[in-house]
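For reference, the chains in residue letters:
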Amino acid sequence: MSDRELLAGYVETWWSAIGDLVALLDQLDPDDWARETDLAGWDVKAVVSHTAHLESLLGGGPNETAEIGEAPHITGPMGQFTEIGVVTRREVAPAAIVEEIRTRTGARRAALLADVPDDAAAPAPGIFGMIGWNQRTLLRNRPLDVWMHEQDIRRATGRPGGMDSAAARHTTDYLAEGFGFVLGKRVAPPVGTTAVLDVAGSEPIAVVIGEDGRARRLPDVPAGPTVALSMDRESFIVLAGGRRPAADGAVTISGDQELGRSIVARLATTP
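Rules behind the numbers
- Residues numbered from 1 in each chain as written.
- Predicted model: local features only at pLDDT ≥ 70, side-chain atom pairs only at ≥ 80, totals over all residues.
- Heavy atoms only, no water.
- Helix = DSSP H or I, 4+ residues; strand = E, 2+ residues; numbered from the N terminus.
- Buried < 20%, exposed > 50% of the residue type's maximum accessible area, 1.4 Å probe, protein only.
- Contact = heavy atoms within 4.5 Å.
- Patch = residues over 30% accessible without salt bridge, like charges linked within 9 Å, V, L, I, M, F, W, Y side chains within 5 Å.
- Areas by Shrake-Rupley, 256 points an atom, 1.4 Å probe, with all protein chains shown as cover.
- Salt bridge = Lys/Arg side-chain N within 4 Å of Asp/Glu carboxyl O.
- Lys, Arg positive; Asp, Glu negative; His and termini not counted.
- Charge placed at Lys NZ, Arg CZ, Asp CG, Glu CD.
- Phe/Tyr/Trp six-rings, centres within 6.5 Å; stacked < 30°, edge-to-face > 60°.
- Lys NZ or Arg CZ within 6 Å of the ring centre and 35° of its normal.
- 1 Å grid on protein atoms, 1.4 Å probe; cavity = no way out; pocket = protein on both sides within 12 Å on 5 of 7 lines; lining within 4 Å.
- Points joined across faces, edges and corners; volume = space filled by probe spheres on them.
- Nonpolar A, V, L, I, M, F, W, Y, C, P; charged D, E, K, R; others polar.
- Axes fitted to C-alpha atoms, helices over the stretch in contact; angles between N-to-C directions.
- Parallel < 35°, antiparallel > 145°, perpendicular 65-115°, else oblique.
- Left-handed = near helix turned anticlockwise from the far one by under 90°.

> Please clarify how the environment of Gly162 should be interpreted in this entry.
Looking at where Gly162 falls in the secondary structure, it is placed in the loop between helix 6 (135-157) and helix 7 (166-176). Relative accessible area serves as the criterion here: at 27%, Gly162 is assigned to the partly exposed category. Distance in space between the C-alpha atoms of Gly162 and Glu234 is 10.0 Å, their sequence separation being 72 residues. In this structure Gly162 touches Trp147, Glu150, Gln151, Arg154 and Ala168, once residues within four positions along its chain are discounted.

Here's what the structure looks like:
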(Lines give C-alpha, C1' and ligand atoms only; values in the text may rest on other atoms or scores of the structure.)
Protein backbone atom coordinates (compact mmCIF):
# COMPACT_ATOMS: atom_id res chain seq x y z
CA MET A 1 0.00 0.00 0.00
CA SER A 2 1.34 3.43 -0.93
CA ASP A 3 1.56 6.28 1.57
CA ARG A 4 -1.15 8.07 -0.37
CA GLU A 5 -3.53 5.12 -0.05
CA LEU A 6 -2.69 4.66 3.63
CA LEU A 7 -3.28 8.30 4.52
CA ALA A 8 -6.40 8.56 2.38
CA GLY A 9 -7.81 5.61 4.34
CA TYR A 10 -7.18 7.41 7.62
CA VAL A 11 -8.88 10.53 6.28
CA GLU A 12 -11.95 8.54 5.25
CA THR A 13 -12.16 6.87 8.66
CA TRP A 14 -11.80 10.24 10.40
CA TRP A 15 -14.54 11.75 8.26
CA SER A 16 -16.85 8.85 9.08
CA ALA A 17 -16.10 9.35 12.78
CA ILE A 18 -16.92 13.05 12.50
CA GLY A 19 -20.26 12.23 10.92
CA ASP A 20 -21.11 9.80 13.71
CA LEU A 21 -20.07 12.30 16.38
CA VAL A 22 -22.12 15.16 14.95
CA ALA A 23 -25.16 12.90 14.53
CA LEU A 24 -24.86 11.98 18.22
CA LEU A 25 -24.48 15.60 19.31
CA ASP A 26 -27.64 16.53 17.41
CA GLN A 27 -29.55 14.04 19.58
CA LEU A 28 -28.45 15.47 22.93
CA ASP A 29 -30.91 17.09 25.29
CA PRO A 30 -29.99 20.41 26.94
CA ASP A 31 -29.29 18.66 30.25
CA ASP A 32 -26.91 16.19 28.60
CA TRP A 33 -24.23 18.82 28.01
CA ALA A 34 -23.54 19.13 31.74
CA ARG A 35 -23.27 15.39 32.42
CA GLU A 36 -19.92 14.23 33.76
CA THR A 37 -17.81 11.95 31.59
CA ASP A 38 -15.14 9.40 32.50
CA LEU A 39 -12.51 12.08 31.82
CA ALA A 40 -11.65 13.80 35.10
CA GLY A 41 -12.87 17.39 35.23
CA TRP A 42 -14.71 17.24 31.92
CA ASP A 43 -18.43 17.18 31.27
CA VAL A 44 -19.93 16.51 27.85
CA LYS A 45 -19.58 20.14 26.78
CA ALA A 46 -15.89 20.11 27.71
CA VAL A 47 -15.29 16.98 25.61
CA VAL A 48 -17.04 18.54 22.62
CA SER A 49 -15.21 21.85 23.13
CA HIS A 50 -11.86 20.08 23.16
CA THR A 51 -12.73 18.27 19.96
CA ALA A 52 -13.84 21.52 18.33
CA HIS A 53 -10.55 23.15 19.33
CA LEU A 54 -8.39 20.49 17.69
CA GLU A 55 -10.51 20.30 14.57
CA SER A 56 -10.48 24.08 14.32
CA LEU A 57 -6.69 24.17 14.47
CA LEU A 58 -6.53 21.59 11.69
CA GLY A 59 -9.32 23.19 9.67
CA GLY A 60 -7.83 26.63 9.35
CA GLY A 61 -9.02 28.23 12.57
CA PRO A 62 -6.92 30.64 14.66
CA ASN A 63 -4.41 29.59 17.29
CA GLU A 64 -6.12 29.96 20.64
CA THR A 65 -4.72 31.03 23.97
CA ALA A 66 -6.31 31.05 27.40
CA GLU A 67 -5.48 31.49 31.06
CA ILE A 68 -5.89 27.93 32.25
CA GLY A 69 -5.24 28.22 35.95
CA GLU A 70 -4.90 25.19 38.18
CA ALA A 71 -7.16 22.18 38.48
CA PRO A 72 -6.60 18.64 39.80
CA HIS A 73 -7.13 17.09 36.38
CA ILE A 74 -4.46 19.25 34.70
CA THR A 75 -1.14 17.58 35.40
CA GLY A 76 1.26 18.75 32.71
CA PRO A 77 1.84 20.69 29.48
CA MET A 78 -0.41 18.41 27.45
CA GLY A 79 -3.21 18.91 29.94
CA GLN A 80 -2.71 22.65 29.72
CA PHE A 81 -3.00 22.49 25.94
CA THR A 82 -6.08 20.28 25.84
CA GLU A 83 -7.83 22.57 28.32
CA ILE A 84 -7.54 25.62 26.05
CA GLY A 85 -10.54 24.73 23.92
CA VAL A 86 -12.62 24.03 27.01
CA VAL A 87 -11.88 27.46 28.47
CA THR A 88 -12.31 29.45 25.25
CA ARG A 89 -15.72 27.86 24.60
CA ARG A 90 -17.03 28.01 28.16
CA GLU A 91 -19.56 30.72 27.30
CA VAL A 92 -20.32 29.44 23.80
CA ALA A 93 -23.68 27.76 23.18
CA PRO A 94 -23.53 24.02 22.44
CA ALA A 95 -25.22 24.47 19.06
CA ALA A 96 -22.50 26.91 18.01
CA ILE A 97 -19.78 24.45 19.02
CA VAL A 98 -21.40 21.69 16.97
CA GLU A 99 -21.65 24.04 13.99
CA GLU A 100 -17.98 24.90 14.42
CA ILE A 101 -17.09 21.22 14.19
CA ARG A 102 -19.19 20.87 11.04
CA THR A 103 -17.65 23.91 9.40
CA ARG A 104 -14.01 23.30 10.29
CA THR A 105 -14.03 19.61 9.50
CA GLY A 106 -15.82 20.24 6.22
CA ALA A 107 -13.14 22.74 5.22
CA ARG A 108 -10.37 20.37 6.25
CA ARG A 109 -11.84 17.43 4.38
CA ALA A 110 -12.19 19.51 1.22
CA ALA A 111 -8.55 20.56 1.50
CA LEU A 112 -7.38 17.00 2.10
CA LEU A 113 -9.36 15.67 -0.85
CA ALA A 114 -7.99 18.41 -3.08
CA ASP A 115 -4.43 17.61 -2.07
CA VAL A 116 -4.21 14.15 -0.52
CA PRO A 117 -1.01 13.79 1.55
CA ASP A 118 1.36 11.31 -0.09
CA ASP A 119 4.28 11.26 2.36
CA ALA A 120 3.52 9.58 5.68
CA ALA A 121 6.85 10.70 7.13
CA ALA A 122 6.36 14.39 6.32
CA PRO A 123 5.91 16.68 9.33
CA ALA A 124 2.33 17.24 10.41
CA PRO A 125 1.05 20.81 10.06
CA GLY A 126 1.16 23.45 12.78
CA ILE A 127 1.55 22.61 16.43
CA PHE A 128 1.30 18.88 15.72
CA GLY A 129 4.46 19.01 13.65
CA MET A 130 6.12 21.09 16.37
CA ILE A 131 5.67 18.26 18.88
CA GLY A 132 7.30 15.81 16.47
CA TRP A 133 4.30 14.22 14.80
CA ASN A 134 4.39 13.25 11.14
CA GLN A 135 1.42 12.97 8.80
CA ARG A 136 0.92 9.30 9.55
CA THR A 137 0.76 9.88 13.30
CA LEU A 138 -1.63 12.81 12.98
CA LEU A 139 -4.00 11.27 10.47
CA ARG A 140 -3.99 7.94 12.28
CA ASN A 141 -4.72 9.57 15.63
CA ARG A 142 -7.65 11.75 14.57
CA PRO A 143 -10.17 8.90 14.04
CA LEU A 144 -9.13 7.43 17.38
CA ASP A 145 -9.54 10.71 19.24
CA VAL A 146 -12.90 11.56 17.69
CA TRP A 147 -14.36 8.09 18.21
CA MET A 148 -13.09 7.77 21.78
CA HIS A 149 -14.80 11.05 22.61
CA GLU A 150 -17.99 9.91 20.89
CA GLN A 151 -17.92 6.93 23.25
CA ASP A 152 -17.20 9.18 26.26
CA ILE A 153 -20.37 11.10 25.40
CA ARG A 154 -22.41 7.95 24.79
CA ARG A 155 -21.50 6.52 28.20
CA ALA A 156 -22.16 9.82 29.95
CA THR A 157 -25.60 10.27 28.38
CA GLY A 158 -26.75 6.65 28.35
CA ARG A 159 -26.71 6.33 24.56
CA PRO A 160 -24.74 3.16 23.77
CA GLY A 161 -23.83 2.42 20.17
CA GLY A 162 -21.20 3.04 17.54
CA MET A 163 -19.23 -0.10 18.33
CA ASP A 164 -19.25 -1.50 14.82
CA SER A 165 -18.13 1.53 12.84
CA ALA A 166 -14.94 1.87 10.83
CA ALA A 167 -13.56 4.20 13.50
CA ALA A 168 -14.40 1.66 16.22
CA ARG A 169 -12.43 -1.03 14.43
CA HIS A 170 -9.58 1.37 13.67
CA THR A 171 -9.34 2.48 17.29
CA THR A 172 -9.53 -1.01 18.75
CA ASP A 173 -6.82 -2.37 16.47
CA TYR A 174 -4.66 0.70 17.06
CA LEU A 175 -4.84 0.46 20.85
CA ALA A 176 -4.34 -3.30 20.77
CA GLU A 177 -0.90 -2.70 19.31
CA GLY A 178 0.14 -1.53 22.78
CA PHE A 179 -0.45 -4.98 24.27
CA GLY A 180 3.19 -6.00 23.92
CA PHE A 181 4.35 -2.79 25.59
CA VAL A 182 1.98 -3.38 28.50
CA LEU A 183 3.22 -6.93 28.98
CA GLY A 184 6.94 -6.33 28.49
CA LYS A 185 7.41 -2.92 30.11
CA ARG A 186 4.67 -2.59 32.69
CA VAL A 187 4.09 -6.15 33.82
CA ALA A 188 7.53 -7.61 32.99
CA PRO A 189 6.85 -11.33 33.48
CA PRO A 190 9.58 -13.98 33.07
CA VAL A 191 11.26 -14.77 29.76
CA GLY A 192 9.18 -17.14 27.68
CA THR A 193 5.84 -15.89 28.97
CA THR A 194 3.21 -15.92 26.24
CA ALA A 195 0.05 -13.82 26.34
CA VAL A 196 -2.95 -13.48 24.06
CA LEU A 197 -5.35 -10.56 23.74
CA ASP A 198 -8.65 -11.53 22.11
CA VAL A 199 -11.03 -8.61 21.59
CA ALA A 200 -14.32 -9.46 19.91
CA GLY A 201 -14.39 -8.21 16.33
CA SER A 202 -10.60 -8.05 15.95
CA GLU A 203 -7.87 -10.56 15.22
CA PRO A 204 -6.26 -11.97 18.39
CA ILE A 205 -2.81 -10.67 19.27
CA ALA A 206 -0.21 -13.03 20.72
CA VAL A 207 3.14 -11.96 22.19
CA VAL A 208 6.07 -13.64 23.90
CA ILE A 209 8.70 -12.23 26.26
CA GLY A 210 12.17 -12.64 24.73
CA GLU A 211 15.57 -13.01 26.36
CA ASP A 212 15.95 -9.23 26.41
CA GLY A 213 12.74 -8.86 28.41
CA ARG A 214 10.86 -7.32 25.51
CA ALA A 215 7.61 -8.61 24.13
CA ARG A 216 7.50 -9.51 20.46
CA ARG A 217 4.53 -10.37 18.31
CA LEU A 218 3.98 -14.02 17.47
CA PRO A 219 2.77 -14.92 13.98
CA ASP A 220 0.21 -17.39 15.36
CA VAL A 221 -1.73 -17.78 18.57
CA PRO A 222 -0.08 -20.52 20.68
CA ALA A 223 -2.20 -23.51 21.68
CA GLY A 224 -1.47 -23.09 25.39
CA PRO A 225 -0.42 -19.51 26.23
CA THR A 226 0.65 -18.59 29.72
CA VAL A 227 -2.36 -16.28 29.89
CA ALA A 228 -5.16 -15.23 27.58
CA LEU A 229 -7.54 -12.30 27.96
CA SER A 230 -10.90 -12.25 26.18
CA MET A 231 -13.35 -9.35 26.21
CA ASP A 232 -15.81 -7.39 24.10
CA ARG A 233 -14.82 -4.21 22.30
CA GLU A 234 -16.31 -1.77 24.81
CA SER A 235 -14.58 -3.43 27.76
CA PHE A 236 -11.25 -3.21 25.96
CA ILE A 237 -11.78 0.43 25.02
CA VAL A 238 -12.57 1.62 28.53
CA LEU A 239 -9.53 -0.25 29.85
CA ALA A 240 -7.03 0.66 27.14
CA GLY A 241 -8.37 4.22 27.04
CA GLY A 242 -7.91 4.64 30.80
CA ARG A 243 -11.57 5.51 31.20
CA ARG A 244 -12.93 3.13 33.84
CA PRO A 245 -12.72 -0.51 34.95
CA ALA A 246 -14.54 -3.03 32.79
CA ALA A 247 -17.88 -4.31 34.03
CA ASP A 248 -17.79 -7.26 36.40
CA GLY A 249 -17.33 -10.47 34.46
CA ALA A 250 -16.61 -8.69 31.16
CA VAL A 251 -13.01 -9.90 30.99
CA THR A 252 -12.30 -13.63 30.85
CA ILE A 253 -8.82 -14.68 32.00
CA SER A 254 -7.55 -18.10 30.97
CA GLY A 255 -4.33 -19.54 32.35
CA ASP A 256 -2.31 -17.60 34.94
CA GLN A 257 -5.00 -15.68 36.82
CA GLU A 258 -2.65 -13.44 38.80
CA LEU A 259 -0.73 -12.47 35.67
CA GLY A 260 -3.99 -11.82 33.84
CA ARG A 261 -5.25 -9.49 36.55
CA SER A 262 -1.92 -7.65 36.52
CA ILE A 263 -2.19 -7.10 32.78
CA VAL A 264 -5.77 -5.85 33.02
CA ALA A 265 -4.79 -3.39 35.74
CA ARG A 266 -2.08 -1.92 33.48
CA LEU A 267 -3.84 -2.05 30.14
CA ALA A 268 -4.38 1.72 29.76
CA THR A 269 -2.17 3.13 27.01
CA THR A 270 -3.92 6.44 26.32
CA PRO A 271 -5.35 9.10 28.64
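> I'm lost on a negative patch on the surface in this one. Help?
Where like charges cluster on the molecular surface, the negative patch consists of Asp3, Asp115, Asp118 and Asp119. Its place among the elements puts Asp118 in the loop between helix 4 (94-114) and helix 5 (126-130).

> Is there a simple way to think about the packing of aromatic side chains in this case?
Two aromatic rings are characterised by how far apart their centres lie and by the angle between their planes. On inspection of all chains with the given rule, the structure shows two aromatic pairs. With 5.8 Å between their ring centres and 50 degrees between their planes, Trp14 and Trp15 make a pair best called tilted. Summarising the aromatic geometry, the rings of Phe128 and Trp133 are spaced 5.9 Å apart at their centres and angled 35 degrees between planes, so their arrangement reads as tilted. We classify Trp133 as partly exposed; its relative accessible area is 28%. Here the basic side chain of Arg108 rests over the ring of Trp14, its NZ or CZ set 4.6 Å away from the ring centre. Cation over ring: Arg140 sits above Tyr174, and NZ or CZ is 3.8 Å from the ring centre.

> Would you explain empty space enclosed by the protein in this entry?
Empty pockets left among the atoms are what a rolling probe the size of a water molecule brings to light. In this structure the tally under the stated criterion is one cavity of 30 Å³ or more. Space inside the largest cavity adds up to approximately 30 Å³. Its residues assigned to classes, the lining of the largest cavity comprises six nonpolar, two polar and no charged.

> For this particular structure, what's the right way to read the pattern of salt bridges?
Side chains that differ in sign of charge can pair as their charged atoms come close. Within this structure, the stated rule accounts for 15 salt bridges. Arg159 serves as the salt-bridge partner of Asp32, at 2.8 Å between the closest nitrogen and oxygen. Residue Asp32 is found in the loop between helix 1 (3-25) and helix 2 (44-58), and its partner Arg159 is found in the loop between helix 6 and helix 7; the two are separated by 127 residues along the sequence. Residue classification places Asp32 among the buried positions, given a relative accessible area of 3%. With relative accessibility at 17%, the residue Arg159 sits in the buried group. In this structure, the salt-bridge partner of Asp152 is Arg243, at a minimum N-O distance of 2.8 Å.

> Just checking my understanding: could you explain the packing of helix 2 against helix 6 for this structure?
Between two packed helices, both the angle of their axes relative to each other and the distance between the axes serve to describe the pair. Where helix 2 contacts helix 6, the axes come no closer than 10 Å and their chain directions differ by 160 degrees. Taken together, the axes of helix 2 and helix 6 lie roughly antiparallel to each other. Seen from above, helix 2 lies across helix 6 with left-handed handedness. Of the residues in helix 6, those touching helix 2 at Val44, Val47, Val48, His50, Thr51, Leu54, Glu55 and Leu58 are Leu138, Arg142, Asp145, Val146, His149, Ile153, Ala156 and Thr157. Looking at the contact of helix 2 with helix 6 residue by residue, the classes come out as nine nonpolar, four polar and three charged.

> Any chance you could explain a nonpolar patch on the surface here in plain terms?
A cluster of nonpolar side chains, Met78, Ile127, Met130 and Ile131, forms an exposed patch at the surface whose accessible area comes to about 440 Å². By the secondary structure assignment, Ile127 is in helix 5. By relative accessible area, which is 33% here, Ile127 ends up partly exposed.

> Where do I start with unusual backbone geometry in this structure?
Only a minority of non-glycine residues have a phi that is not negative, and only a minority of peptide bonds are not trans. Of note in this structure, Ala188 is not a glycine but carries a positive phi near 50 degrees. With respect to the helices and strands, Ala188 occurs in the loop between helix 8 (179-187) and strand 1 (194-199).

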